Amino acid sequence: MPLPDPVQSVLDLSFSLLFVGPLTVLFWRGTFNTVSNLAFVDLPSFSSRWYPALVLYLTGLLVKISVDLFKQFLRPILATHCTVIQGFSSLIFLYLDATFGVVMWVGGFNLLHVFPSLYWFSLTGVLFLSTSILMFIQAFHCT
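About the criteria used
Residues numbered from 1 in each chain as written. Predicted model: local features only at pLDDT ≥ 70, side-chain atom pairs only at ≥ 80, totals over all residues. Heavy atoms only, no water. Helix = DSSP H or I, 4+ residues; strand = E, 2+ residues; numbered from the N terminus. Rg over C-alpha atoms; globule rule 2.2 N^0.38 Å. Buried < 20%, exposed > 50% of the residue type's maximum accessible area, 1.4 Å probe, protein only. Expected span 1.5 Å × (residues − 1). Bend = angle between axes of the 7 residues up to and from the residue. Polar contact = N/O pair within 3.5 Å; in protein donor to acceptor, adjacent residues only side chain to side chain. Axes fitted to C-alpha atoms, helices over the stretch in contact; angles between N-to-C directions. Parallel < 35°, antiparallel > 145°, perpendicular 65-115°, else oblique. Left-handed = near helix turned anticlockwise from the far one by under 90°. Contact = heavy atoms within 4.5 Å. Nonpolar A, V, L, I, M, F, W, Y, C, P; charged D, E, K, R; others polar. Salt bridge = Lys/Arg side-chain N within 4 Å of Asp/Glu carboxyl O. Patch = residues over 30% accessible without salt bridge, like charges linked within 9 Å, V, L, I, M, F, W, Y side chains within 5 Å. Areas by Shrake-Rupley, 256 points an atom, 1.4 Å probe, with all protein chains shown as cover.

Visitor: I keep staring at the overall build of the protein and nothing clicks. Help me out?
Guide: If you tally the helices and strands in the protein, you get 4 helices and 0 strands. When the helices and strands of the protein are listed from N to C terminus, the series reads α-α-α-α. At 20 Å, the protein has a C-alpha radius of gyration far larger than the 15 Å of a compact globule built from 143 residues. Reported as C-alpha extents along the three principal axes, the dimensions of the protein are approximately 55 × 40 × 35 Å. Expressed as a percentage of the 143 residues in the protein, the buried residues total 20%.

Visitor: Looking at this structure, I do not really get helix H1 (residues 6–39). What am I missing?
Guide: Given 3.6 residues per turn, any residue in an α-helix points the same way as the ones three and four places further on. Along its 34 residues, H1 runs 48 Å from first to last C-alpha, staying within 8% of the 50 Å computed at 1.5 Å per residue. Residue Ser16 marks the point of greatest curvature in H1, where the axis turns by about 40 degrees. Burial in H1 covers these residues: Thr31, Phe32, Val35 and Ser36.

Visitor: How do you make sense of the environment of His81 when you look at a structure like this?
Guide: For His81, the location among the structural elements is in the loop between helix H2 (50–78) and helix H3 (83–114). Engagement of the side chain of His81 in a polar contact is seen with the side chain of Thr80, the distance being 3.5 Å.

Visitor: I keep staring at the packing of H1 against H3 and nothing clicks. Help me out?
Guide: Helices that pack against each other are described as a pair by the angle of their axes relative to one another and the distance between those axes. It is the contact of H1 with H3, at a shortest axis distance of 9 Å, that shows an interaxial angle of 55 degrees. For the element pair H1 / H3, the angle class is oblique. Taken as a pair, H1 and H3 cross one another with a handedness that is right-handed. Taken together, the residues of H3 that come into contact with H1 (itself represented by Phe27, Trp28, Thr31, Phe32, Val35 and Ser36) are Ala98, Thr99, Gly101, Val102, Val103, Trp105, Val106 and Phe109. Here the residues of the contact of H1 with H3 sort into 10 nonpolar, 4 polar and no charged.

Visitor: Looking at this structure, how should I read the pattern of salt bridges?
Guide: Side-chain pairs of opposite charge can arise whenever the charged atoms involved come near each other. Scanning the entire structure with this criterion turns up 2 salt bridges. Put simply, Asp97 and Lys64 hold a salt bridge, and the shortest N to O gap is 2.7 Å. Of this pair, Asp97 sits in helix H3 while Lys64 sits in helix H2; the two residues are 33 residues apart in sequence, bridging distant segments of the chain. Note that Lys71 and Asp68 form a salt bridge whose closest N and O atoms lie 3.9 Å from each other.

Visitor: Teacher, can you tell me more about a nonpolar patch on the surface here?
Guide: A contiguous nonpolar patch, built from Leu13, Phe15, Leu17, Leu18, Phe19, Val20, Leu23 and Leu26 and spanning about 860 Å² of accessible area, is present on the exposed surface. In this fold, Phe15 is placed in helix H1.

Given below as structure tokens:
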């Protein structure tokens, strides 16, 4: 495989730095703030955030799994349709996956914000526990 043209590499890097990166951050941050504001508004206390956070986390997780399974089910069916329908369904699946990924992250962040709290000793415990579990299941070898 030949090396890409230096001009093409500069244009690709510029496009990524000026458009793709900022728009990705804008999507994630905007969705994160919107979901947070809708889910955690008017709660009586900070510790009452655990239930909405758990609901958001589980909803995001279940919808992401469902979208992935449904996508695998529809792939052979969509293969016989025109490219417009394939592109539109791919777009819908992409945005559902991205949006509910953010929903899951909002729930997860707020669960970690409520339960181990933000003290260094509790966060250190979470770090060591999660790292140990990931090392035990050899998840670091997957990346």
